[in-house]
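What follows is the residue order along each chain.
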Amino acid sequence: VQVVESGGGLVQAGDSLRLSCAASGRTFSRYTMGWFRQAPGKEREFVAGISWSGGRTAYADSVKGRFTISRDNAKNTVYLQMNSLKPEDTAVYYCTADRNYMVVATASHEYDYWGQGTQVTVSS
């Protein structure tokens, strides 16, 4: 499967942004999907993940209550709604797919396919 992110940009603190990830392939619904991010000089970190059915989700503590992950299997698309953005949310955001659709993994090495990333910059 191939994944392509979109929706990044420059916003102010407190604003909202929605990222989209379009996936190719007829088996999109068989993948767990996730979002990771990487800020300059930092390691890539887990942001959110969603099971194949959307019935299970997981979030990093730093984004709980502010970010929401969702998916539309009919459109082969996963979304990341980001509200109340903070400067520390500034990073390149990556969409990723995991063939093990039975779990929502939080470690990057568990995921099999990665997009090129989209930049999110939050100014103070």
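My aim in this report is to walk through the structure given alongside it, one point at a time.

Cut-offs and rules
Residues numbered from 1 in each chain as written. Predicted model: local features only at pLDDT ≥ 70, side-chain atom pairs only at ≥ 80, totals over all residues. Heavy atoms only, no water. Helix = DSSP H or I, 4+ residues; strand = E, 2+ residues; numbered from the N terminus. Buried < 20%, exposed > 50% of the residue type's maximum accessible area, 1.4 Å probe, protein only. Phe/Tyr/Trp six-rings, centres within 6.5 Å; stacked < 30°, edge-to-face > 60°. Lys NZ or Arg CZ within 6 Å of the ring centre and 35° of its normal.

1. Focus: the environment of Leu19
Then, number 1: Relative to the assigned elements, Leu19 resides in strand β3 (residues 17-23).
Then, number 2: By relative accessible area, Leu19 is classed as buried at 0%.
Then, number 3: C-alpha separation for the pair Leu19 and Thr118, spaced 99 residues apart in sequence, amounts to 8.4 Å.

2. Remarks on the packing of aromatic side chains
Then, number 1: For the structure on display, the rule yields 7 aromatic pairs.
Then, number 2: Geometrically, the ring pair formed by Phe36 and Tyr111 is edge-to-face, given 5.3 Å between the ring centres and 75° between the ring planes. With Phe36 in strand β4 (residues 32-38) and Tyr111 in the loop between β9 (91-98) and β10 (113-114), the pair connects residues that are 75 residues apart, well separated along the chain.
Then, number 3: Classification of Tyr111 by relative accessible area gives buried; the value is 5%.
Then, number 4: Measuring from ring centre to ring centre gives 6.4 Å for Tyr111 and Trp114, while their planes differ by 65°; the resulting arrangement is edge-to-face.
Then, number 5: In this structure Trp114 comes out as partly exposed when scored by relative accessible area, which is 27%.
Then, number 6: Ring pairing ties together the aromatic residues Phe36, Phe46, Tyr94, Tyr111 and Trp114, which thus form one cluster.
Then, number 7: Seen from the ring of Trp114, Arg44 lies directly overhead, with NZ or CZ sitting 4.7 Å from the centre.
Then, number 8: Stacked on the ring of Phe28, the Lys or Arg Arg71 has its end atom at 4.5 Å from the ring centre.

All quantities given are derived from atomic positions and should not be read as evidence of function.
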